[in-house]
Amino acid sequence: MKVPINQSELFLQFSNSLSEIKDLCNEYDAGHEAITKFIAEKIVLIFHGSAQSKSLIAQLKLGNVPICCSSDHYDAKSPVNFIGLLKLKHVPGRSWGYFAKLDPLALTKVSQENWWKNKKVMVDSSQIAFSRAKITKSAAGLEQINLDTSGWKIKDANRNKFSINPLPEMIRQIAFELLESFKNVDLVKASRLHTKK
């Protein structure tokens, strides 16, 4: 039997999820890449709804809160693969790689629907586009995606070529956007639940 959760418990769950995402990001930044799955699971809890259950955002009627977006604009005419949330950076003694931007000054506000489902944030070597929802659900183990990274080859310090996996850093950047979006938001005031009598 399903036990109903009251509004104050839902607000607490949302706040706790944000705090847990922040803590998990700190662990990721300390070098624990395997933590990516747990970050993705927390993000999915907030945004992903299904026929069986509503997302936390929907339950708390917080869909009106705009979300921070850091993705570059996708140009369909570009012949190269697209990874809009990451920056290419050289790590001395290692190689070039893709890393989360983590830049609060590069953020713009977009609707949640655009941010979660509609915006192309990655286009792989087979020209298949991916949204944040697809990427995050895949990292959380809810969906299988076949990512063609054949065009994302870089050389390590020994000049050996290898294909990169951009997904962990993508999840880190998505988490950054989410945390920045709700950093100064009073959840109770922002919610449209209080307008219902």
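As a reminder, the structure under discussion sits directly above these lines.
A brief structural summary. (Residues numbered from 1 in each chain as written. Predicted model: local features only at pLDDT ≥ 70, side-chain atom pairs only at ≥ 80, totals over all residues. Heavy atoms only, no water.)

Before going further, it helps to spend a moment on the nonpolar core. Among the nonpolar cores identified, the biggest contains 48 residues, and Phe 14, Ile 39, Ile 43, Ile 46, Phe 47, Ile 135 and Phe 182 are the most heavily contacted of them. Breaking this core down by element, the ones donating at least two residues are α1 (7–29), α2 (36–47), α3 (56–59), β1 (67–69), α4 (112–118), α5 (132–139), α6 (167–182) and α7 (187–190). In terms of residue count, α1 provides more of this core than any other element does, eight residues in total. Filtering out sequence-adjacent residues up to four positions away, Phe 14 remains in contact with Ile 46, Leu 56, Ile 57, Leu 60, Leu 62, Phe 182 and Leu 187. (Core = buried A, V, L, I, M, F, W, Y, C linked by side-chain atoms within 4.5 Å. Buried < 20%, exposed > 50% of the residue type's maximum accessible area, 1.4 Å probe, protein only. Helix = DSSP H or I, 4+ residues; strand = E, 2+ residues; numbered from the N terminus. Contact = heavy atoms within 4.5 Å.)

Attention now goes to the pattern of salt bridges. Counted under the stated rule, the structure contains seven salt bridges. Residue Glu 20 pairs with Lys 42 through a salt bridge whose shortest N-O separation is 2.6 Å. One end of the pair, Glu 20, is in helix α1; the other, Lys 42, is in helix α2, and 22 residues separate them in sequence. The class of Glu 20 is partly exposed, set by a relative accessible area of 32%. Where Glu 143 meets Lys 137, a salt bridge forms, and the shortest distance between an N and an O atom there is 3.4 Å. For Lys 137, a relative accessible area of 14% puts it in the buried group. (Salt bridge = Lys/Arg side-chain N within 4 Å of Asp/Glu carboxyl O.)

One non-glycine residue, Leu 102, lies in positive phi territory at about 50°. Take Leu 102: it is sitting in the loop between β4 (96–100) and β5 (108–110). Within the chain, Gln 127 stands out as a residue other than glycine whose phi angle is a positive 65°. Along the polypeptide, Gln 127 turns up in the loop between β6 (122–123) and β7 (129–130).

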